[in-house]
Amino acid sequence: MAISEIKEPKVDSTLSKGLAILETLASSKSSMGVTELSKALELTKSNTFRLLQSLVVLGYVRQNPDKTYSASLKTWQVGRVMLDNLNLRELAGPELKYLSKETDEAIYLAVPENLSVVYIDKRDSSKPIRSWNPIGGSAPLHCVATGKAILAQNYNSLRGQIAGQLTRHTDLTIINLADLDADVEETLKRGYAYDRGEFRDRIHSVGAAICLPDGEAVAALGVSLPDVNMPEKGADWLGSLVLHAAASVSAKLAKS
């Protein structure tokens, strides 16, 4: 058969339109209405509405009280499976080793889980006084540096969700949304997040986000240490190390 005779596989138009709606909602920083979606995708309102109802029934889209629509956590869960298949632990392994060697403090690789982070890999400190968390342990996004780094990077989509969930854990925990706004701004300016003992007393941490090419944070690297172990070079030195390591993992993800 000549090359010119090879036909492209036929794409189901209903499926492609439904996926276009899902992709648009998943990438939007706010929920969208039927009219807005139909205009953006050049579909009729009736067709858009029918497709949205199917996506709602399947669990990939949720309808909000104001009649707008958003991508659901099921969409995120599918993305998490894909991310797991990228073997993030393997990709970040050299960076965890590098940070451990440079600091001899506890090093964590964390991923977001709703409004928390879960530690999926770590390197322990050999110092007699040290920070410790188990693999599989978790902490609120707004309290620890790995969580704060992810939160800052994804703040447009997470701010509304976390506004009423700022639970106190120490006297230094950020529990006011205006204070969190300011902290996020500082984090983005520095490039790394700093926890001054906001989850556990006298345990400090720095963290930097690992991002996909579109800028979404899917994980973070962090260094955690007791305040008595803070090096003379200070948190900025630790932050520069973590920022460099996280950028290295992000570059690997972009090539995966």
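Residues numbered from 1 in each chain as written. Predicted model: local features only at pLDDT ≥ 70, side-chain atom pairs only at ≥ 80, totals over all residues. Heavy atoms only, no water.

### Here we look at the overall build of the protein chain
Helices and strands together make up the secondary structure of the protein chain, namely nine helices and eight strands. Summarising its shape, the C-alpha atoms of the protein chain cover approximately 65 × 50 × 30 Å along the three principal directions. With 256 residues in all, the protein chain has 45% of them scored as buried. Pairs at least 24 apart in sequence give 57% of the contacts found in the protein chain among residues at least 6 apart. (Helix = DSSP H or I, 4+ residues; strand = E, 2+ residues; numbered from the N terminus. Buried < 20%, exposed > 50% of the residue type's maximum accessible area, 1.4 Å probe, protein only. Contact = heavy atoms within 4.5 Å.)

### Focus on the nonpolar core
In a soluble, globular protein the nonpolar side chains are often hidden away together inside. If you look at the biggest cluster of nonpolar residues, it comprises 28 residues, and the most contacted ones within it are L88, L109, V206, I210 and L221. The residues touching V206, leaving out its near neighbours within four places in the chain, are A145, Y192, A193, Y194, L221, G222, V223, A235, L238, G239 and V242. (Core = buried A, V, L, I, M, F, W, Y, C linked by side-chain atoms within 4.5 Å.)

### Here we look at the packing of helix α1 (residues 13–27) against helix α3 (residues 45–58)
The contact between α1 and α3 brings their axes to 10 Å, and the two run at 75 degrees. Relative to α3, α1 is oriented roughly perpendicular. Only N47, T48, L51, L52 and L55 of α3 make contact with α1, whose side of the interface consists of T14, K17, G18, I21, L22 and L25. Tallied by class, residues from the contact of α1 with α3 come to six nonpolar, four polar and one charged. (Axes fitted to C-alpha atoms, helices over the stretch in contact; angles between N-to-C directions. Parallel < 35°, antiparallel > 145°, perpendicular 65-115°, else oblique. Nonpolar A, V, L, I, M, F, W, Y, C, P; charged D, E, K, R; others polar.)

### Concerning the environment of V144
Locating V144 in the fold gives a position in the loop between β5 (138–140) and α6 (145–153). When neighbours within four sequence positions are excluded, V144 is seen to be in contact with V117, Y119, A139, D195, F199 and S205.

### Comments concerning the pairing of strand β7 (residues 203–211)
For β7, a buried count of nine out of nine residues is recorded, marking the element as mostly surrounded by other parts of the structure. Pairing of strand β6 (residues 193–195) with β7 involves three bridges; the strand directions are antiparallel. Considered in β7, the bridge of Y194 is made with V206. Relative to strand β8 (residues 217–226), β7 runs antiparallel, the two sharing nine bridges. The residue of β8 that forms the bridge with S205 is S224. In this structure, the hairpin formed by β7 and β8 is closed by a connection of five residues, where G215 is found at a positive phi of approximately 95 degrees. (Pairing = 2+ DSSP bridges.)

### Topic: helix α9 (residues 234–255)
If you check α9, its first and last C-alpha atoms are 33 Å apart, about what 22 residues at 1.5 Å a residue would give, namely 32 Å. Within α9, the full set of buried residues consists of G234, A235, L238, G239, L241, V242, A245, A246, V249, S250 and L253. (Expected span 1.5 Å × (residues − 1).)

### Concerning the confidence of the model for the protein chain
Low-confidence regions, as indicated by low pLDDT, have predicted coordinates that should not be scrutinised in detail. For the protein chain, per-residue confidence averages 91 on the pLDDT scale, and residues scoring 70 or more make up 92% of the total. Across residues 1–6 the pLDDT falls below 50, and counting only partners more than four positions away or on other chains, this stretch makes one contact in the model. (pLDDT = per-residue confidence, 0-100.)

### Overview of the sheet that holds β7
Strand order in this open sheet of six strands is β5-β4-β3-β8-β7-β6, and the pairing throughout is antiparallel. Each edge of the sheet is formed by a strand with only one pairing partner; in this case those strands are β5 and β6. Adjacent strand axes in the sheet meet at a mean angle of 30 degrees, parallel and antiparallel pairs treated alike. Direction of pairing for strand β3 (residues 106–113) relative to β8: antiparallel, over a ladder of five bridges. Its bridge partner being in β8, A110 is matched across the sheet by A220.

### Notes on the side chain of T103
Along the chain, T103 turns up in helix α5 (residues 88–103). Only 3.2 Å separates the side chain of T103 from the backbone nitrogen of E105, close enough to count as a polar contact. Residues within four places of T103 in sequence aside, it is in contact with K127, V223, W237, L238 and L241. (Polar contact = N/O pair within 3.5 Å; in protein donor to acceptor, adjacent residues only side chain to side chain.)

### A short note on the packing of aromatic side chains
Enumeration over the complete set of coordinates arrives at one aromatic pair. Ring centres of Y108 and Y119 lie 4.8 Å apart, and the angle between their planes is 40 degrees; this geometry places the pair in the tilted category. In this pair, Y108 sits in strand β3 while Y119 sits in strand β4 (residues 116–123), placing the two residues eleven residues apart along the sequence. Here the basic side chain of R190 rests over the ring of Y192, its NZ or CZ set 5.1 Å away from the ring centre. (Phe/Tyr/Trp six-rings, centres within 6.5 Å; stacked < 30°, edge-to-face > 60°. Lys NZ or Arg CZ within 6 Å of the ring centre and 35° of its normal.)

### Details of the pattern of salt bridges
Scanning the model with the defined rule gives ten salt bridges in all. Measuring nitrogen to oxygen at the nearest pair gives 3.2 Å for the salt bridge that ties D183 to K148. Here D183, found in helix α8 (residues 177–190), pairs with K148, found in helix α6; they are 35 residues apart in sequence, far enough to count as distant. The same class applies to D183 and to K148, which are both buried. Three or more residues are tied together by salt bridges with common partners; here these are K148, D183 and E198. (Salt bridge = Lys/Arg side-chain N within 4 Å of Asp/Glu carboxyl O.)

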